[in-house]
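The chain contents come next:
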Amino acid sequence: MMLKIKCPECNTEGSMSLVEPDYEGPYRCWKCRALFTITIKKNELKSWEPLDQEELDKQQEIKAMQDKFKRGG
Ligand SMILES: [Zn+2]
């Protein structure tokens, strides 16, 4: 399902597709490029945490490593 998300920085409405009604992860505003970690519970936006690019890179690096590990190297 598609969820509408309004950027707290510039009030631009964006949307993201959710596989599950709960989500916690990065969101980037398509307009002002602001980065956030958002928490969604039951298709409702619960919280915004500012996220910097460095932090996102780190998270993606960890995830990539975990994926690699799961595939067996
Ligand atoms: Zn924005």
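Refer to the structure presented above.
So, a few notes on the structure that sits alongside this text. In this text the structure is predicted, and so the values were computed from the model without any measurement.

Calculation notes
- Residues numbered from 1 in each chain as written.
- Predicted model: local features only at pLDDT ≥ 70, side-chain atom pairs only at ≥ 80, totals over all residues.
- Heavy atoms only, no water.
- Donors = N, O, S within 2.8 Å, 3.2 Å for Na, K, Ca; no water.
- Tetrahedral: all angles 85-135°; square planar, octahedral: opposite > 155°, others 65-115°.
- Buried < 20%, exposed > 50% of the residue type's maximum accessible area, 1.4 Å probe, protein only.
- Helix = DSSP H or I, 4+ residues; strand = E, 2+ residues; numbered from the N terminus.
- Contact = heavy atoms within 4.5 Å.
- Salt bridge = Lys/Arg side-chain N within 4 Å of Asp/Glu carboxyl O.
- Patch = residues over 30% accessible without salt bridge, like charges linked within 9 Å, V, L, I, M, F, W, Y side chains within 5 Å.
- Areas by Shrake-Rupley, 256 points an atom, 1.4 Å probe, with all protein chains shown as cover.
- Lys, Arg positive; Asp, Glu negative; His and termini not counted.
- Charge placed at Lys NZ, Arg CZ, Asp CG, Glu CD.

### A look at the coordination of the zinc ion
No. 1: Summarising the metal site, the zinc ion is bound by the protein donors C7 (SG), C10 (SG), C29 (SG) and C32 (SG), whose distances to it range over 2.3 to 2.4 Å.
No. 2: Bound by four donor atoms, the zinc ion shows angles of 108 to 111 degrees at the metal and therefore tetrahedral coordination geometry.
No. 3: One chain supplies every donor to the zinc ion, and in sequence these donors are spaced C-x2-C-x18-C-x2-C.
No. 4: In this structure C7 comes out as buried when scored by relative accessible area, which is 0%.
No. 5: When its relative accessible area of 30% is taken as the criterion, C10 is described as partly exposed.

### Examining the side chain of T12
No. 1: Following the sequence through the fold, T12 ends up in the loop between β1 (2–6) and β2 (13–17).
No. 2: T12 gets classed as buried once you look at its relative accessible area, which sits at 12%.
No. 3: Contacts of T12, omitting those with residues within four sequence positions, involve I5, K6, C7, C29, W30 and K31.

### Notes on the pattern of salt bridges
No. 1: Across all of its chains, the model carries four salt bridges by this definition.
No. 2: Across the pair D67 and K63 runs a salt bridge, and its minimum N-O distance is 3.4 Å. Taken as a pair, D67 and K63 lie in helix α1 (residues 53–70) at a separation of four residues, close to a single helical turn.
No. 3: Residue D67 is classed as partly exposed on the basis of its relative accessible area of 26%.
No. 4: Between K70 and D67 there is a salt bridge, with the nearest N and O atoms lying 3.8 Å from each other. Taken together, the residues span about one helical turn, with K70 and D67 both in helix α1 at a distance of three residues.

### Some remarks on a negative patch on the surface
No. 1: Side chains of D52, E54, D57 and E61 sit close together on the surface and give a patch of like negative charge.
No. 2: Position of D52 among the secondary structure elements: in the loop between β5 (44–50) and α1.

### Brief notes about the environment of K6
No. 1: Mapped onto the fold, K6 is located in strand β1.
No. 2: Sequence spacing of K6 and L45 is 39 residues, and the spatial spacing of their C-alpha atoms is 9.6 Å.
No. 3: With residues up to four places along the chain from it excluded, the contact list for K6 reads N11, T12, E13 and W48.

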